[in-house]
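Take a look at the letters that make up each chain.
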Amino acid sequence: MREGLIAVRYRAALAAAALAVAGATMVLPGRATAAEAGFAVRITELPATFGAGAESRSLTVVISSDRDRCSKVRWSLLLRVDGPALDDVKVTRVEDDGEFAVRRDDSGTTARITDVALDPGRLCRDRTVTARYQIRFGAGAATGSVTFQPQAFTATGNLLQETSGRSPVVGQEPAAAGTPAPSPSPTETAAAPADEESNSAEDDGAATDQPVTPSPGDLDAVPAAAEGGPPSLLGPGLIVGALLVFLGIGLLLRLRSRQRTTAARLAEPPTGFYPLP
């Protein structure tokens, strides 16, 4: 009997736990918007790259449907930047008759651009609705990337479908503060003293035509060659060296001649006979 009461209590506890889990699941909020089947959104025109300060580039998005009923569409573009600032991005929604009114909400590195009114087109089977944007980055935009996530909603705010695309942004890198100036090359450094000496010589010549008497302190700087220094020993040294070379060659030739004479004498056969012992 006691074991049966324990089993009943155990089953009751399991049932209570299951009801609690089910109730918590019903309380949890679901996704605000969910894509519906039968719709497809694709990007048909995406710039390969954006340049800071360059002209506007076009982003084109198309939605199609295989459903029998037709519906109106409201476009919303979610834009995320990595590197550039949102203030450097200008987005213009355009239609065939000109600019289309949008509402833009910026938050950190993300901006949402939503149509104020529904798209003029009507989405039906075998018919598409197109959204076109002109996007431009300011001249001060930094290098990075931009991600586009276009979304198509119904008139009541239900998400039909979405897609995404990414493009790099080539910006202008700011110059580093305190960058040292490039040092002059060795050629420029060597040429600078020569130019200064030539300029100083021209200035001295233009200042006076009278000979300048050097001071006693300047006499030590006058080179000895200017006063007729000692004669050069290069010429006599060359002559002595040539004589020694000729003498050496003569000695070698004489030694070689003696060696040949001695070898010839040793090679001559004996001319007499010697008595037997």
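An account of the accompanying structure is given in this report. None of these values were measured; they are calculated from a predicted model. (Residues numbered from 1 in each chain as written. Predicted model: local features only at pLDDT ≥ 70, side-chain atom pairs only at ≥ 80, totals over all residues. Heavy atoms only, no water.)

If you tally the helices and strands in the protein chain, you get four helices and twelve strands. Burial statistics for the protein chain: of 277 residues in total, 21% are counted as buried. For the protein chain, the share of sequence-separated contacts (at least 6 apart) that also reach a separation of at least 24 residues comes to 70%. A total accessible area of about 20,100 Å² is found for the protein chain, and carbon and sulfur atoms account for 59% of it. (Helix = DSSP H or I, 4+ residues; strand = E, 2+ residues; numbered from the N terminus. Buried < 20%, exposed > 50% of the residue type's maximum accessible area, 1.4 Å probe, protein only. Contact = heavy atoms within 4.5 Å. Areas by Shrake-Rupley, 256 points an atom, 1.4 Å probe, with all protein chains shown as cover.)

Where charged atoms from two side chains of opposite charge approach closely, those side chains can pair. Across all of its chains, the model carries seven salt bridges by this definition. A salt bridge links Asp119 to Arg93, with the shortest nitrogen-to-oxygen separation between them at 2.9 Å. Here Arg93 lies in strand β5 (residues 89–95) and Asp119 lies in the loop between β8 (110–115) and β9 (129–137), a separation of 26 residues in the sequence. Since its relative accessible area comes to 3%, Asp119 is described here as buried. Residues Asp105 and Arg103 are paired through a salt bridge, measuring 3.8 Å at the closest nitrogen-oxygen approach. Accessibility expressed as a relative area gives 41% for Asp105, which makes it partly exposed. Shared partners join several salt bridges into a network, and the residues in it are Arg93, Glu95, Asp115 and Asp119. (Salt bridge = Lys/Arg side-chain N within 4 Å of Asp/Glu carboxyl O.)

Attention shifts here to the environment of Arg57. You can see Arg57 is positioned in strand β3 (residues 57–65). Here the alpha-carbon distance between Arg57 and Leu46, two residues eleven residues apart in the chain, equals 8.5 Å. Here the side chain of Arg57 touches Thr49 through a polar contact of 2.9 Å, landing on its backbone oxygen. (Polar contact = N/O pair within 3.5 Å; in protein donor to acceptor, adjacent residues only side chain to side chain.)

This paragraph deals with the nonpolar core. With 29 residues, the main nonpolar core has Ile63, Trp75, Leu79 and Ile135 as its most contacted residues. Listing elements by their share of this core, those giving two or more residues are β1 (39–45), β3, β4 (74–82), β5, β8, β9 and β10 (144–153). Sort the elements by how many residues they give to this core and β9 lands first, with five residues. Other than its neighbours up to four places away in sequence, Ile135 contacts Phe50, Glu55, Ser56, Arg57, Leu59, Val89, Lys90, Val91 and Phe148. (Core = buried A, V, L, I, M, F, W, Y, C linked by side-chain atoms within 4.5 Å.)

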